[in-house]
Structure formats: structure tokens, C-alpha cells
Amino acid sequence: MPLLEEVLTYVKGLWLLIQGNREGFRWLDISESGLWRSFAAMLWSLPAIAVTWASWRLFYLSAMPAGTTIGFSFILKLLAVDLASWLLPIVLIVILSRPLGFTIFVVPVIVTTNWLSVPLSYAMALPAAIRLLIPGSQGLTSLIWLLLLVVSVGLLFRLLRTVTGNQTLLAAALTALFLLPSMMIGEVLQRFFGLVPG
């Protein structure tokens with residue numbers, strides 16, 4: 001499990017890459033072991049993700065009849081949805097990398113996007129935290145969430161453009177691969193598990 005100092009070093013490298021400075025790679029571990037270590041980003045993101053779970057739980061209960069209760073299985077289902085949404089794009093990128101000819105970028109793409117998910121998870125937890133603390137703030141938090149989503153997509157694209165050596169089309173395709181399948185599988189699983197108020 002990487003320590004906080006190591007994670008902050010990775011974030012510094014990511015910021016340089018987002019700015020178009022390939023020196024950022026010096027602050028990242030893109031070796032084979034670094035690839036597997038980057039999945040620890042999921043653990044580092046858990047506190048922020050837990051805030052979004054709590055916010056979703058509150059939303060779910062507010063939309064259901066009075067007296068509705070939910071157990072620990074509700075959280076486990078949310079965890080399953082988030083894991084699937086995180087891992088599916090990575091699997092697709094690995095599968096498509098050979099026929100589309102970008103295998104050389106697979107490891108740096110996975111490592112950098114895994115670690116980028118840590119600061120983005122905490123940023124996206126902000127509107128969820130506001131919703132928990134300020135009842136009736138759905139309008140404000142929805143706007144903040146939308147703005148953060150736009151910024152996140154922009155940061156992801158800029159990161160991938162640098163990682164792929166300024167191949168704009170490839171960076172755009174990878175950005176879409178990270179976003180669209182994740183959103184689709186998330187929506188399908190939420191409905192399958194009954195996480196959307198009926």
C-alpha cells in the first residue's frame with residue numbers, strides 16, 4: 001500500500017503531464033510493479049467514495065416511502081457498481097490496444113489514470129458532502145457536480161494526450177473509452193441491483 005508521500009509524488013507527476021510536461025513521468029512508477037501498485041488508488045479513493053455512497057443512500061431513502069430501511073448489502077452493491085465502472089474501461093483498453101495498435105501506451109495509461117482517480121474522487125465527493133450537510137441543496141450540488149465533471153473530462157483528456165505523445169485522436173478515443181462504458185455499466189448495474197428509487 002503506497003504511503004501518502006508516495007501518492008502525493010504521483011499527483012505531482014500527473015499535474016506536470018496534464019500541463020503537457022513529459023517530465024512528469026519521472027515522478028511516476030510505470031514499471032510492471034508500478035502498474036499493479038497503481039490499483040491501490042482504489043483504496044486511497046475509498047473515503048471519498050464512501051461520502052458519495054452516504055449521499056446516494058440519503059437520496060434513495062428520501063425518494064422511498066417513509067419507514068423504508070436499507071442494510072449493509074446496499075453499500076456492497078454500490079461498491080460492486082463502482083468497481084465495475086472502474087475496471088471495465090481498463091479491460092476494454094487492454095483488449096483493444098493490440099488491434100488498434102497502441103499497446104505501447106497501455107501501462108502508462110492505466111498507471112496515470114488510476115492515480116488520477118484519487119484526486120478526482122475527492123473532488124467529486126465535494127457536492128455529495130454538501131448534500132449531506134445542507135438539506136435541500138440539490139440544485140447547487142448538481143451544478144457543482146456538472147462543473148466538476150467537465151473539468152475532470154478536460155484533465156483526463158489533457159493527461160492522455162501527453163501520455164500518448166500528443167496524439168489527439170487517440171487521446172480523445174481513450175477518454176471516451178474511460179467515460180462511456182463506465183457510465184453505461186454504472187447505470188445498468190444500479191438498476192439491476194435496485195439502487196435507483198422506483
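Residues numbered from 1 in each chain as written. Predicted model: local features only at pLDDT ≥ 70, side-chain atom pairs only at ≥ 80, totals over all residues. Heavy atoms only, no water.

Enquirer: Requested: an account of the environment of Ala176, with residues and values cited.
Expert: Within the secondary structure layout, Ala176 lies in helix H7 (residues 168-192). For the pair Ala176 and Pro89, spaced 87 residues apart in sequence, the C-alpha separation works out to 9.3 Å. (Helix = DSSP H or I, 4+ residues; strand = E, 2+ residues; numbered from the N terminus.)

Enquirer: Describe the layout of surface pockets, naming the residues involved and giving the relevant values.
Expert: Taken as a whole, the largest pocket holds about 1,700 Å³ of empty space. Lining the largest pocket are 40 residues, and of these Asp82, Ser85, Met124, Trp145 and Ser182 lie nearest its centre. Where the lining of the largest pocket is concerned, the elements lending two or more residues are helix H3 (41-63), helix H4 (72-100), helix H5 (106-133), helix H6 (138-163) and H7. At 10 residues, the largest contribution of residues to the lining of the largest pocket is made by H5. Partitioned by chemical class, the residues of the lining of the largest pocket number 23 nonpolar, 13 polar and 4 charged. (1 Å grid on protein atoms, 1.4 Å probe; cavity = no way out; pocket = protein on both sides within 12 Å on 5 of 7 lines; lining within 4 Å. Points joined across faces, edges and corners; volume = space filled by probe spheres on them. Nonpolar A, V, L, I, M, F, W, Y, C, P; charged D, E, K, R; others polar.)

Enquirer: Lay out the side chain of Ser117 with the relevant residues and their values.
Expert: Secondary-structure assignment places Ser117 in helix H5. For Ser117, a relative accessible area of 14% puts it in the buried group. A distance of 2.3 Å separates a polar side-chain atom of Ser117 from the backbone oxygen of Asn114. Among all residues touching Ser117, those that are not within four sequence positions of it are Ala41, Ser45 and Trp86. (Buried < 20%, exposed > 50% of the residue type's maximum accessible area, 1.4 Å probe, protein only. Polar contact = N/O pair within 3.5 Å; in protein donor to acceptor, adjacent residues only side chain to side chain. Contact = heavy atoms within 4.5 Å.)

Enquirer: An account of a nonpolar patch on the surface is needed here, citing residue identities and associated values.
Expert: The grouping of Leu58, Leu132, Leu133 and Ile134 at the surface amounts to a nonpolar patch, some 380 Å² of accessible area in total. Positionally, Leu58 belongs in helix H3. Judged by relative accessible area, Leu58 falls into the partly exposed class, the value being 39%. (Patch = residues over 30% accessible without salt bridge, like charges linked within 9 Å, V, L, I, M, F, W, Y side chains within 5 Å. Areas by Shrake-Rupley, 256 points an atom, 1.4 Å probe, with all protein chains shown as cover. Salt bridge = Lys/Arg side-chain N within 4 Å of Asp/Glu carboxyl O.)

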